[in-house]
Amino acid sequence: MKTRRIRRSRWPFGILLVSLLIICYTCTNKQSPNSPSDENNLSETPALTAFSDSLITAFSSENEDDVLALVRSEYRATCDAELNGTRNTMTAVAQALKKRQLLFANALYAEYKVSIDGTEFRIAYSNCGDGHWQLIRF
Amino acid sequence: MIKLAVYLLAAGVCISTVYGYENTKAHPAINNAIISFGENYLADKLPDKNKWRITSDRETYGGTGVTNSGYSYATYSEGTLNLTLLQWVEHGGYSADEPELGAAIRHFYDPTGHTGGRKYLTNRGTSWEWLYTLDNLLHPQTDAIEWAMGDTDKGAYNDWSLKAGKKYLAFAFELSDEAEKRMCLAKAYRCLGEVLHNTADMACPPHVRNDSHAAPLGYAWGELLGSPDPYEELFDPQWAADYLNGKGDPSLESFFASATSIRSINEKLAQFTNHNFFTEETINGAGYQPLSPINKDGDYPQPQLQNLDYDANDFTFYRRFPSGNLVKLCRDRRIFSLRGTPYVDLDCAKSQAAELVPNILCAGANIIRLFLPQFQVQIREAVPNDYIKGQVVHVKSSEYPESILYSGPIDLIDANTGRSIEKLNCSTGEFIGRNPKFKNGDQLIARITLGGFTIESPVYTVTGPVGSTHRIGFQVRVDGHFLNQVATPDTSYSYENDADGATFSSSGDYIGGFASNTFTASYTRTVVHMQTNGTISAVFSSDKLKIISLIWTETTTTQYYNKTVNCTAVNIPLSYSYSGTSIYEIKGEEAKNAITSLTVVQTAAEGLSYSLQSWSTDWNGQVYASLTKLE
């Protein structure tokens, strides 16, 4: 069965405008290069863990729509094609995700290595900046 | 490129950004690597007697820097920072992305103009940039290079452009006040850092392939803004140092080494990156099947998957570059299909950086080469127990076409021992010392040390009070290589530095014209402490290749001396071949035949008078007379 379309929420334009203006007038907490902070490490943040858990659940369900709901919109067509007809192998991905190895993570992008039947694959998430991780590659 | 640390509206918290091709780590690290590479690279490429090194300078220079990061001009702030020159270059790598939202729009340059000929960002960013024109501060529809260079109407809004940096550096040489010099140096090196930020961006694929990657403002607004780009995110600041000795593209290196403009270097680098690299969302061509890029603005003609080398063992598309680097451009191994849509992962990013970073370093080093004005320091006369005098001559270049007249300290050095003999003061390009501590036979060097520069004179051997020369000049202002037009007001510029409370200016006018074959002009020129007034009346031959008769007067007033020149001359030949070097010169008897009378009266410091030794014209109409002091 083909996947159903994922509906995107449509925010009222007024809210968008107000929100963007708020952003213009709020601070960042970035530090200048003369006051360095070392934030990059390979430990998975709680948000990443939570998203990975949701991915495991989605793949375990063997429901393509559940997985696609976690995919970033631009990559949905690509992932839709990838998932087509893979229902009975999705649990293998879920199992692999449980043993995922984090290769890189920052505030906006995370890349993992997973192994399925001895073959290594890359899975990647991206974060739009709102703390809402999404799947972009598997 | 910056990451927009985005306000989490629901929770009301700010998310800090880490690593990637961003401005707190990566750009400062790249700028640091450029400086390290550049100091070695330039060791044998600067003109004779010109050296440059800033990494060993531990002094701090007070200047204006970004003290608080922010999204807009309303929320970011600048203040006084005291940093070393190297730190100012690093800071420029950081500050170029501040405030962030504006930078997120302006740091793109598509060398191909693939979208309707536009080189600025059109992908996604333009759908929201209008919001920020409300305060007219973000200056959208501006490409990254014109912003960094400051050489267009749009780019002129950038206070920290190359144009501004060169102005500050010129002022650092011209101003005599030490505090003002230091302030200008700080600003100049921050500008250099911001230009090098642009250089680094031009070797970052999304910046040159119209691929907006400003972090979107949330899931629902993903249509408005770009998505994170893997290369941008995966770039490890450590790679800048790791690839310090990497191999760059030989043709690029050749181009950079012979470049005469900084703009051309960044443009060339952008062309190279655009032509040879994908972003994840602009992968194009036919791999295992025909593919359309995710970014609909990104269907660039090059590169194309089918033209790359595919290795089925690791599912990777490779390109062997002329540097010898075998680069992983993308791979297409997917979990559910043997081969799927290609992507850029960590391995690819690191592999690409191995090719791109060395090219950044070479480009940056040559940008520094062109950013540094070049000078010749000359000791002209040295009379034991009497005086020493000399000059600092700026060697004009395409980046510095206007004369820079150095004012500031000169170290007089014993060439054999390296010891400092005494400090001299140079004013508007000339220095004079009274009762110097040397004797006949001593070998001397005059040295300028300023802001990383060390500029030395050739060794001068004191030979006693024999005839010496003094160089003066005036400009028969002509337009190009023809003498049938006249310059309108010329070399007029001014600068006020309100932020620091200091004001200094430099201005000049040259007004005159031809009436038939007769050229008359009067001019004034004020440069810092030097005021020059002059008049010229010249009758030219009908072919404008000869001055039949010339009457020229000029009075120069400085804080150290006054000088009056009265010159009459006949039959001065002028021809122009645009060779870039002096195209006509006569000396000795010939010069005396041309210039019928010439008197120079210079009051203070010595009250000298001179006789004519030679005169010459150079390619742009500058006329020089070399004089011998009358004993």
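The rules behind the values
- Residues numbered from 1 in each chain as written.
- Chains lettered and ligands numbered in written order.
- Predicted model: local features only at pLDDT ≥ 70, side-chain atom pairs only at ≥ 80, totals over all residues.
- Helix = DSSP H or I, 4+ residues; strand = E, 2+ residues; numbered from the N terminus.
- Buried ≥ 20, exposed ≤ 12 C-beta atoms within 10 Å, placed from the backbone.
- Contact = placed C-beta atoms within 7 Å.
- Pairing = 2+ DSSP bridges.
- Axes fitted to C-alpha atoms, helices over the stretch in contact; angles between N-to-C directions.
- pLDDT = per-residue confidence, 0-100.
- Parallel < 35°, antiparallel > 145°, perpendicular 65-115°, else oblique.
- Nonpolar A, V, L, I, M, F, W, Y, C, P; charged D, E, K, R; others polar.
- Domains from an automatic or database assignment.
- Core = buried A, V, L, I, M, F, W, Y, C linked by C-beta atoms within 7 Å.
- Left-handed = near helix turned anticlockwise from the far one by under 90°.
- Arc of directions from axis to C-beta.

Colleague: Quick question: what am I supposed to make of the overall build of chain B here?
Modeller: Looking only at helices and strands, one finds 13 helices and 31 strands in chain B. A burial count over chain B gives 49% of its 631 residues as buried. Pairs at least 24 residues apart make up 61% of the contacts formed inside chain B by residues separated by at least 6 positions.

Colleague: Would you explain the overall build of chain A in this entry?
Modeller: Of the regular secondary structure elements, chain A holds 5 helices and 4 strands. Residues classed as buried in chain A amount to 36% of the 138 residues present. Contacts spanning at least 24 positions in sequence make up 46% of the contacts within chain A whose residues lie at least 6 apart.

Colleague: Would you mind showing me how to read the sheet that holds strand β8 (residues 309–311) of chain B here?
Modeller: Pairing between sheet strands relies on hydrogen bonds along the backbone, with the strands arranged either parallel or antiparallel. Residues and elements named next belong to chain B. Across the sheet, 3 strands lie side by side as β8-β9-β10; this open sheet has antiparallel pairing. Edge positions in the sheet fall to β8 and β10 (326–331), since each of these pairs with one other strand and no more. Taken over all neighbouring pairs, the strand axes of this sheet differ in orientation by 35° on average, direction set aside.

Colleague: Please explain the sheet that holds strand β1 (residues 101–105) of chain A as it appears in this structure.
Modeller: All names here are of chain A. Sheet architecture is open: 4 strands sit in the order β1-β2-β3-β4, paired in antiparallel fashion. The sheet is open, and its two edges are formed by β1 and β4 (133–137), each paired on a single side. Strand after strand, the sheet turns through a mean of 30° between neighbouring axes, direction not considered.

Colleague: Sorry if this is basic, but what is going on with the confidence of the model for chain A here?
Modeller: Close reading of the predicted structure is inappropriate where its pLDDT is low. All names here are of chain A. Residues with a pLDDT of 70 or more make up 70% of chain A, whose mean pLDDT is 77. Across chain A, the element-wise mean pLDDT spans from 49 in helix α1 (residues 13–24) up to 96 in helix α2 (residues 46–60). Overall, residues 1–13 carries pLDDT values under 50, and its contacts beyond four positions in sequence, including any with other chains, amount to 12 contacts. Per-residue pLDDT stays below 50 along residues 33–40; that stretch engages in 16 contacts with residues further than four places along the chain or on separate chains.

Colleague: How should I be thinking about unusual backbone geometry in this particular structure?
Modeller: The phi angle of most residues is negative, glycine excepted, and most peptide bonds adopt the trans form. Along the chain, Glu-98 of chain B connects to Pro-99 of chain B via a cis peptide bond; the corresponding omega equals -15°. Structurally, Pro-99 of chain B is set in the loop between α2 (85–95) and α3 (100–106). Even without a glycine there, the phi angle at Glu-62 of chain A is positive, about 60°. Within the secondary structure, Glu-62 of chain A is located in the loop between α2 and α3 (64–68). C-beta crowding within 10 Å serves as the criterion here: with 16 such atoms nearby, Glu-62 of chain A is assigned to the partly exposed category. Even without being glycine, Phe-315 of chain B reaches a positive phi, approximately 55°. Checked against the element boundaries, Phe-315 of chain B lands in the loop between β8 and β9 (316–320).

Colleague: Looking at this structure, how should I read the packing of helix α11 (residues 262–276) of chain B against helix α12 (residues 346–371) of chain B?
Modeller: In a pair of packed helices, the angle between the axes and the distance between the axes together describe the arrangement. Residues and elements named next belong to chain B. Running from N to C, α11 and α12 cross one another at 170°; their axes reach a closest spacing of 9 Å. Relative to α12, α11 is oriented roughly antiparallel. Here α11 contributes Ile-262, Ile-265, Leu-269, Phe-272 and Thr-273 to the contact with α12, which in turn contributes Leu-356, Asn-359, Ala-363, Asn-366, Ile-367, Leu-370 and Phe-371. Each residue belonging to the contact of α11 with α12 can be placed in one class, and the counts come to 9 nonpolar, 3 polar and no charged.

Colleague: In this structure, what is going on with the domain arrangement of chain B? I would like to understand it.
Modeller: Often, the extent of an interface is quoted as the loss of accessible area upon association of its parts. Residues and elements named next belong to chain B. Taken domain by domain, chain B consists of domain 1 (7–274), domain 2 (374–463) and domain 3 (472–629). At the junction of the two partners, domain 1 supplies 21 residues and domain 2 supplies 22 residues. Of all the secondary structure elements, the ones that give two or more residues to the side of domain 1 that touches domain 2 are β3 (50–52), α5 (162–174) and α6 (178–201). Per element, the largest residue contribution to the side of domain 1 that touches domain 2 is 5 residues, and it comes from α5. Class assignment of the residues belonging to the side of domain 1 that touches domain 2 gives a composition of 10 nonpolar, 4 polar and 7 charged.

Colleague: Would you explain the environment of Leu-81 of chain B in this entry?
Modeller: Residues and elements named next belong to chain B. Among the structural elements, Leu-81 can be located in strand β5 (residues 77–83). Judged by the 21 C-beta atoms lying within 10 Å of it, Leu-81 is buried. Considering only alpha carbons, one finds Leu-81 and Val-462, 381 residues apart in sequence, at a separation of 45 Å. Apart from the residues lying within four places of it in its own chain, the contact partners of Leu-81 are Gly-63, Gly-65 and Thr-67.

Colleague: Please explain the pairing of strand β16 (residues 443–450) of chain B as it appears in this structure.
Modeller: Working note: regular strand, side chains alternate between the two faces of the sheet. Residues and elements named next belong to chain B. Of the pairings in the sheet, the one linking strand β13 (residues 408–414) to β16 comprises 4 bridges and is antiparallel in character. If you follow Asp-411 over to β16, its bridge partner there is Arg-447. For β16 and strand β18 (residues 460–461), the ladder comprises 2 bridges, and the chain directions are antiparallel. Looking across to β18, one finds that Gln-443 is bridged to Thr-461. Relative to strand β17 (residues 453–456), β16 runs antiparallel, the two sharing 4 bridges. Each residue of the ladder has a partner; that of Leu-450, found in β17, is Phe-453.

Colleague: Is there a simple way to explain the pairing of β1 of chain A in this structure?
Modeller: Residue and element names in this part refer to chain A. Here β1 pairs with strand β2 (residues 109–116) via 4 bridges, running antiparallel. By the bridge assignment for β2, Gln-101 is matched with Lys-113. Turn length for the β1-β2 hairpin, with the two strands adjacent in sequence and antiparallel, is 3 residues.

Colleague: Is there a simple way to think about the nonpolar core in this case?
Modeller: The nonpolar side chains of a soluble globular protein tend to be buried with one another. All names here are of chain B. Ile-34, Ala-172, Ala-188, Val-357, Ile-360, Ile-367 and Leu-444 are the most contacted members of the largest nonpolar core, which totals 151 residues. Per-element accounting of this core gives the leading share, 15 residues, to α12. When residues of this core are sorted by domain, at least three fall in each of domain 1 (7–274) and domain 2 (374–463). Excluding residues that lie within four positions of it along the chain, Ala-172 makes contacts with Lys-181, Cys-184, Leu-185, Ala-188, Leu-450 and Gly-451. Listed in part, the 9 residues of the second largest apolar core include Phe-540, Ile-547, Leu-550 and Ala-569.

Colleague: Help me understand the environment of Ala-103 of chain B, please; the structure alone is not making it clear to me.
Modeller: Topologically, Ala-103 of chain B is positioned in helix α3. Measuring from C-alpha to C-alpha, the distance between Ala-103 of chain B and Gly-429 of chain B comes to 40 Å, with 326 residues separating the pair along the chain.

Colleague: Would you explain the packing of α2 of chain A against helix α5 (residues 90–98) of chain A in this entry?
Modeller: Residue and element names in this part refer to chain A. It is the contact of α2 with α5, at a shortest axis distance of 7 Å, that shows an interaxial angle of 155°. By the angle between their axes, α2 is roughly antiparallel relative to α5. Where α2 crosses over α5, the two elements pack in a sense that is left-handed. Together, Ser-52, Leu-55, Ile-56, Phe-59 and Ser-60 of α2 and Met-90, Thr-91, Val-93, Ala-94, Leu-97 and Lys-98 of α5 make up the contact between the two elements. Class assignment of the residues belonging to the contact of α2 with α5 gives a composition of 7 nonpolar, 3 polar and 1 charged.

Colleague: Quick question: what am I supposed to make of α5 of chain A here?
Modeller: Because each turn of an α-helix spans 3.6 residues, side chains separated by three or four positions in sequence point in the same direction. Turning to α5 of chain A, its buried residues number three or more, namely Met-90, Val-93, Ala-96 and Leu-97 of chain A. An end-on view of α5 of chain A places all buried positions within 115° of arc, on one side of the element.

Colleague: So what exactly am I meant to see when it comes to the environment of Ser-264 of chain B here?
Modeller: Here Ser-264 of chain B is to be found in helix α11. Linking Ser-264 of chain B and Ile-145 of chain B, residues 119 residues apart in sequence, is a C-alpha distance of 9.7 Å.

Colleague: Looking at this structure, I do not really get the confidence of the model for chain B. What am I missing?
Modeller: Residues and elements named next belong to chain B. The predicted model of chain B has a mean per-residue pLDDT of 79, with 72% of residues at 70 or higher. With pLDDT under 50 throughout, residues 1–18 is counted as low confidence; its partners more than four residues away or in other chains account for 64 contacts. Confidence over residues 216–220 falls short of pLDDT 50; this stretch has 22 contacts with residues more than four positions distant or in other chains. Across the interfaces of the predicted complex, the ipTM metric reaches 0.79, alongside a pTM of 0.74.

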